[in-house]
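This is what each chain is made of:
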There are 2 protein chains.
Amino acid sequence: MQQKTLPSNMRNKKVVDLHAAKVACKECSLHQLCLPRSINGSDLEKLDSIIERKKPLKRNEHLFQVGSSFHSIYVVRSGSLKTYSPTVDGQEQVTGFHLPGELLGLDAIGKGRHPCAAKALETTSVCEVPFEHLEGLSQELPTLQHQLLRLMSKEIFDDQELMLLLGKKTAEARLSAFLLSISLRFKQRGFSSVEFYLSMSRNDIANYLGLAVETVSRMFTRFQEDGLIEAERKHIIIKNRENMRQIAGMNECCDETSAKDSQQIS
Amino acid sequence: MQQKTLPSNMRNKKVVDLHAAKVACKECSLHQLCLPRSINGSDLEKLDSIIERKKPLKRNEHLFQVGSSFHSIYVVRSGSLKTYSPTVDGQEQVTGFHLPGELLGLDAIGKGRHPCAAKALETTSVCEVPFEHLEGLSQELPTLQHQLLRLMSKEIFDDQELMLLLGKKTAEARLSAFLLSISLRFKQRGFSSVEFYLSMSRNDIANYLGLAVETVSRMFTRFQEDGLIEAERKHIIIKNRENMRQIAGMNECCDETSAKDSQQIS
DNA sequence: AGCCATAATTGATAAATGTCAATTTTATAC
DNA sequence: GTATAAAATTGACATTTATCAATTATGGCT
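Values in this document were obtained by computation on a predicted structure and should not be read as measured data.

A. Local environment of the sheet that holds strand 1 (residues 52–53) of chain B. All names here are of chain B. The strand order across the open sheet built from four strands is 1-8-3-6, with neighbouring strands paired in antiparallel fashion. Strand pairing shows two members of the sheet lacking a second neighbour, strand 1 and strand 6 (103–104), which therefore form its edges. In this structure, strand 3 (residues 72–78) lies alongside strand 6, joined through two bridges in antiparallel fashion. Paired with Val 75 across the strands is Leu 103, a residue of strand 6. The strands touched by helix 4 (residues 131–140) within the sheet are strand 3 and strand 8 (125–130), with strand 8 carrying the most contacts at an inclination of about 60°.

B. Region of the structure containing the relation of the copies chain A and chain B. The two copies are related by a screw operation: chain A maps onto chain B through 180° of rotation and 0.0 Å of translation along the axis, at an RMSD of 0.0 Å. Viewed as a symmetry operation, the transformation between the two copies matches a two-fold axis. Interface overlap between copies is the fraction of interface residues in one copy that are interface residues in the other; for chain A against chain B it reaches 100%, indicating a shared surface.

C. Examining the protein's contact with DNA strand D more closely. Around DNA strand D sit 19 residues, and of these Ala 171 and Thr 215 of chain A together with Ser 217, Arg 218 and Thr 221 of chain B come closest. Here DNA strand D approaches the protein such that, of its atoms within 4 Å, sugar and phosphate make up 70%. A distance of 2.7 Å separates a phosphate oxygen of DNA strand D from a polar atom in the backbone of Ala 171 of chain A. Elements supplying a minimum of two residues to the surface near DNA strand D: helix 8 (213–225) of chain A together with helix 7 (202–209) and helix 8 (213–225) of chain B.

D. Examining the interface of chain A and chain B more closely. Facing the 45 residues of chain A at the interface are 45 residues of chain B. Across the chain A-chain B interface, the total number found is zero salt bridges. No other element matches the 19 residues that helix 5 (residues 142–168) of chain A contributes to the side of chain A that touches chain B. When its residues are assigned to classes, the side of chain A that touches chain B shows 19 nonpolar, 16 polar and 10 charged.

E. Looking closely at the pattern of salt bridges. In the structure shown here, the tally under the stated rule is 14 salt bridges over all chains. Two residues, Lys 82 of chain B and Asp 204 of chain B, come together in a salt bridge whose shortest N-O distance is 3.0 Å. Residue Lys 82 of chain B is located in strand 4 (residues 81–86), and its partner Asp 204 of chain B is located in helix 7; the two are separated by 122 residues in the primary sequence. Here Lys 82 of chain B and Asp 204 of chain B have matching classes, each one buried. Here Glu 242 of chain B and Arg 245 of chain B are joined by a salt bridge, their closest N and O atoms 2.7 Å apart. Linking Glu 242 of chain B with Arg 245 of chain B, this pair stays in helix 9 (residues 241–248), spanning three residues, or about one helical turn. By relative accessible area, Arg 245 of chain B is classed as buried at 7%. Each of Lys 82, Glu 92 and Asp 204 of chain A takes part in a single network of salt bridges with overlapping partners.

F. Highlighting the confidence of the model for chain A. Residues and elements named next belong to chain A. Considering every residue of chain A, the mean pLDDT works out to 82; 79% of them sit at 70 or more. When mean pLDDT is compared element by element in chain A, helix 8 scores highest at 96, while helix 10 (residues 256–263) scores lowest at 40. Segment residues 1–21: pLDDT under 50, and 47 contacts once partners within four positions in sequence are set aside and those in other chains are kept. Scored below 50 in pLDDT, residues 252–266 shows 28 contacts in the model against residues more than four places distant or in partner chains.

G. Region of interest: the packing of helix 6 (residues 171–188) of chain A against helix 9 (residues 241–248) of chain A. Residue and element names in this part refer to chain A. At a minimum axis separation of 8 Å, helix 6 and helix 9 run at an interaxial angle of 130°. The angle between helix 6 and helix 9 places the two elements in the oblique class. Both helix 6 and helix 9 take part in a crossing whose hand is left-handed. For the pair formed by helix 6 and helix 9, the contact residues are Glu 172, Ala 173, Ser 176, Ala 177, Leu 179, Leu 180 and Ser 183 on the first element and Arg 241, Met 244, Arg 245, Ile 247 and Ala 248 on the second. When the residues that make up the contact of helix 6 with helix 9 are grouped by side-chain class, the tally is seven nonpolar, two polar and three charged.

H. Broad picture of unusual backbone geometry. The backbone of Arg 233 of chain A sits at a positive phi, close to 60°, despite the residue not being glycine. Looking at the element boundaries, Arg 233 of chain A is found in the loop between strand 10 (229–232) and strand 11 (235–238).

I. Main features of the protein's contact with DNA strand C. The immediate surroundings of DNA strand C are formed by 19 residues, with Ser 217, Arg 218 and Thr 221 of chain A together with Ala 171 and Thr 215 of chain B found nearest. Here a base nitrogen of DNA strand C and a side-chain polar atom of Arg 218 of chain A are 2.9 Å apart. Take Arg 233 of chain A: an N or O atom from its side chain is 3.4 Å from a sugar or linking oxygen of DNA strand C. At the level of secondary structure, the elements contributing two or more residues to the surface near DNA strand C comprise helix 7 (202–209) and helix 8 of chain A together with helix 8 of chain B. Among the elements that take part in the surface near DNA strand C, helix 8 of chain A stands out by supplying four residues, more than any other. Class assignment of the residues belonging to the surface near DNA strand C gives a composition of three nonpolar, seven polar and nine charged.

Conventions and cut-offs
Residues numbered from 1 in each chain as written. Chains lettered and ligands numbered in written order. Predicted model: local features only at pLDDT ≥ 70, side-chain atom pairs only at ≥ 80, totals over all residues. Heavy atoms only, no water. Pairing = 2+ DSSP bridges. Helix = DSSP H or I, 4+ residues; strand = E, 2+ residues; numbered from the N terminus. Contact = heavy atoms within 4.5 Å. Axes fitted to C-alpha atoms, helices over the stretch in contact; angles between N-to-C directions. Least-squares fit on C-alpha atoms with pLDDT ≥ 70 in both. Near = heavy atom within 4 Å. Polar contact = N/O pair within 3.5 Å; in protein donor to acceptor, adjacent residues only side chain to side chain. Salt bridge = Lys/Arg side-chain N within 4 Å of Asp/Glu carboxyl O. Nonpolar A, V, L, I, M, F, W, Y, C, P; charged D, E, K, R; others polar. Buried < 20%, exposed > 50% of the residue type's maximum accessible area, 1.4 Å probe, protein only. pLDDT = per-residue confidence, 0-100. Parallel < 35°, antiparallel > 145°, perpendicular 65-115°, else oblique. Left-handed = near helix turned anticlockwise from the far one by under 90°.

If you want it as structure tokens, here you go:
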């Protein structure tokens, strides 16, 4: 598996992390939608023809708002977004982060409305896949239907993993698992799993993990003291993955293995 | 909406709660799969023909084990089950409860293996829907494909709601939201949302909510002191739903409204 | 380049929940 | 029906994490 380290000029610049590293369609989840092994050329063209490229979002711009009506699924091409829901007390609750190659909007099919909002964390471009067209095409192409069901299933599976995390674990276990998860997702897209940039704020991380910002900050400090990571602001280097796994309370099955699994479409 | 209160002879007997109240196929999620509005008679027959009825499970029997290969989706006809995953430290982590009319196994499509085990909480019968057949049939029947995608999307949505709960809330908020959730699900199946039996132990509830058993027990006590519920063992009566909503940090949209939404297939 | 708003860190304290231990209640088996 | 095991409850105490407050660092803007 190829490993690209992000170019060094990204280190001290502001936004360029994920944004600069554009992901070719062939490497993203959409490619998984295209069914790498079994789809043929003309089918792939058909799929390609329904996809719309949208103009890039600037930081803090919304891809969609809470309650907006559902038309399309989106795939992140470059950059990153967060999804969040409003809570009763007027706060927002971050429900997910979306890196290049990942999907947004699957949770909106059921009710026809987006239950959460999606906001760009940096300059971000996405592909738009109109859902009616995708459904129609899935009707023609059994492999595409299958792949769509697989991706939705994976989403359910991933959410459940996160539930485990939020339900049971200590603050350090949560943060450790979070960092490992991000690391793994970078790896799956062909980037380095050892060194990467977090596009989200400590606040977003804390919110997502159900912790106070201060606690997250302290954990970052402790992880550095313990030699688990090096962290300078958003720039993270994983120094001791094995210990982090133990702290996260993960068995190995949740790392390399599942990473491979989700690559090779059987 | 009709409201059936469970027969009084269930009160002081052991198992008969959910188990006794068999749900007709027309009232369960499978009926949603059948697409109430738009599917015609012969299509419905086709769907009916691929469904297998299995012989009932006794309490503590498994429907499937962790890692077992995925063939079918299951629909609960009567009784109830819990799903759970093993954790590193040899414990189990409860990931969900499944009441009559609800689905199991959607999280297994992705990898072809069940990431969790499913165990009957009481005498329980399920319908088995072989996934290959379902996929094939969905290929023929666009409305069925659409419905399948909707149901999976709903699962994603529901999981995210739970994540919100586990991530942010206090112990009392979690338990309150849990009880309201169960109440709502009963209501959706046509049972009373005010009075019902919990088939799962306090231990399972605590595990599911990421709390210690003792904390759950104390919360039950407190809720009774505060007049929110009456609880005698597993028999629960909701006395003050409005206060419980506030404690759970829910806006109304998460109750009646969404209940209706998921009934009417548009 | 410098200013201002925002984000991140750190410390002190309070509140919530987990842990340990004992007791009571309920369920199961003989 | 009784014995035994399992589940639930309750209390005392320890630990973790949230909250409040203050300080420092960073990033965006003119």
